[in-house]
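# A look at the structure
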Amino acid sequence: MKTLQANAGVLTNLEVLEFLRARGATSDPMGCLGAVAPSECKVFDYLVNTPACNQTRGAIDEFLKRCEKFKLAKAEKFNIINLRPTNQALIDPIIEYCEKRLTKDEARGIDEVQELVDLVLEVLPPPPAKPDEEMQDLEETPTEKPMEEN
């Protein structure tokens, strides 16, 4: 493979995942033999368990268009897309000087950080369910019986 232009731009995790799929990466360790480098298989295994697995280019384009009003840096937008923060505590470390740049005025009912979180939840699809979570959903939780007093 020849590098046409080094550092031509930033990629989302979805774009990296699509590139690895196109090169033949799979979650099956035997399927990666020869098609791609072992390190690419490890990156692929990581990315299929992140929000990128369920994202689409359309969802990312819509998010980028709708978040313009927040005046975020390109790196901040890409970090939000890649990490898919689901609450204000997760947005704060992504956006530099978040408390100064995004307005919160309770008197007027404005909370731009919550608006951004709501936008993420609305536009970007949720990450895949983890196997442990799926198993916990299937298991029944035992009910405790009160002890009898003598």
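Residues numbered from 1 in each chain as written. Predicted model: local features only at pLDDT ≥ 70, side-chain atom pairs only at ≥ 80, totals over all residues. Heavy atoms only, no water.

Okay, the environment of Gln55 next. By the element assignment, Gln55 lies in the loop between helix H2 (38-47) and helix H3 (57-66). Classification of Gln55 by relative accessible area gives buried; the value is 6%. For the pair Gln55 and Ile81, spaced 26 residues apart in sequence, the C-alpha separation works out to 9.0 Å. Apart from the residues within four sequence positions on either side, Gln55 is in contact with Leu14, Ile60, Ile81, Leu124 and Pro125. Looking at Gln55, its side chain comes within polar contact range of the main-chain oxygen of Ile81, at 2.8 Å. (Helix = DSSP H or I, 4+ residues; strand = E, 2+ residues; numbered from the N terminus. Buried < 20%, exposed > 50% of the residue type's maximum accessible area, 1.4 Å probe, protein only. Contact = heavy atoms within 4.5 Å. Polar contact = N/O pair within 3.5 Å; in protein donor to acceptor, adjacent residues only side chain to side chain.)

A positive phi angle, close to 55°, is found at Lys71, a residue other than glycine. Relative to the elements of secondary structure, Lys71 occurs in the loop between H3 and helix H4 (74-83). In this structure, Tyr97 is a non-glycine residue whose phi angle is positive, near 55°. Tracing the sequence through the fold places Tyr97 in the loop between helix H5 (88-91) and helix H6 (98-101).

Two side chains carrying opposite charge are able to pair once their charged atoms lie near each other. What the rule picks out here adds up to seven salt bridges. A salt bridge links Arg57 to Glu15; the nearest nitrogen and oxygen atoms lie 3.7 Å apart. Highlighted residues: Arg57 in helix H3 and Glu15 in helix H1 (residues 13-23), separated in sequence by 42 residues. For Arg57, a relative accessible area of 46% translates into the label partly exposed. As a salt-bridge pair, Arg23 and Glu40 come within 3.1 Å of each other at their nearest N and O atoms. Of this pair, Arg23 sits in helix H1 while Glu40 sits in helix H2; the two residues are 17 residues apart in sequence, bridging distant segments of the chain. Accessibility expressed as a relative area gives 31% for Arg23, which makes it partly exposed. Since its relative accessible area comes to 16%, Glu40 is described here as buried. A cluster of three or more residues bridged by salt bridges with shared partners is formed by Glu15, Glu18 and Arg57. (Salt bridge = Lys/Arg side-chain N within 4 Å of Asp/Glu carboxyl O.)

Positionally, Lys77 belongs in helix H4. Salt bridges are absent for the buried Lys77, whose nearest opposite-charge side chain, Glu68, sits at 5.8 Å. Ignoring sequence-local partners within four residues, the contact set of Lys77 consists of Phe63, Leu64, Cys67 and Leu72. (Lys, Arg positive; Asp, Glu negative; His and termini not counted.)

Attention now moves to the confidence of the model for the protein. Of the residues in the protein, 75% reach a pLDDT of 70 or more, and the chain-wide mean stands at 82. Considering each helix and strand of the protein separately, the mean pLDDT is smallest for helix H8 (residues 131-138), with a value of 55, and largest for H3, with 95. (pLDDT = per-residue confidence, 0-100.)

On to the environment of Lys130. Structurally, Lys130 is set in the loop between helix H7 (112-123) and H8. It is 9.8 Å that separates the C-alpha atoms of Lys130 and Thr50, two residues lying 80 residues apart in sequence.

In an α-helix, one full turn covers 3.6 residues, which means residues spaced three or four apart are oriented alike. For H7, which comprises twelve residues, the first-to-last C-alpha distance of 16 Å matches the rise-based estimate of 16 Å (1.5 Å per residue) to within 8%. Buried residues of H7: Glu112, Val113, Leu116, Val117, Leu119, Val120 and Val123, and no others. One face of H7 carries all of its buried residues, which in axial projection span an arc of 155°. The inward-facing, buried residues of H7 abut H3, H4, H5, H6 and strand S2 (110-111). (Expected span 1.5 Å × (residues − 1). Arc of directions from axis to C-beta.)

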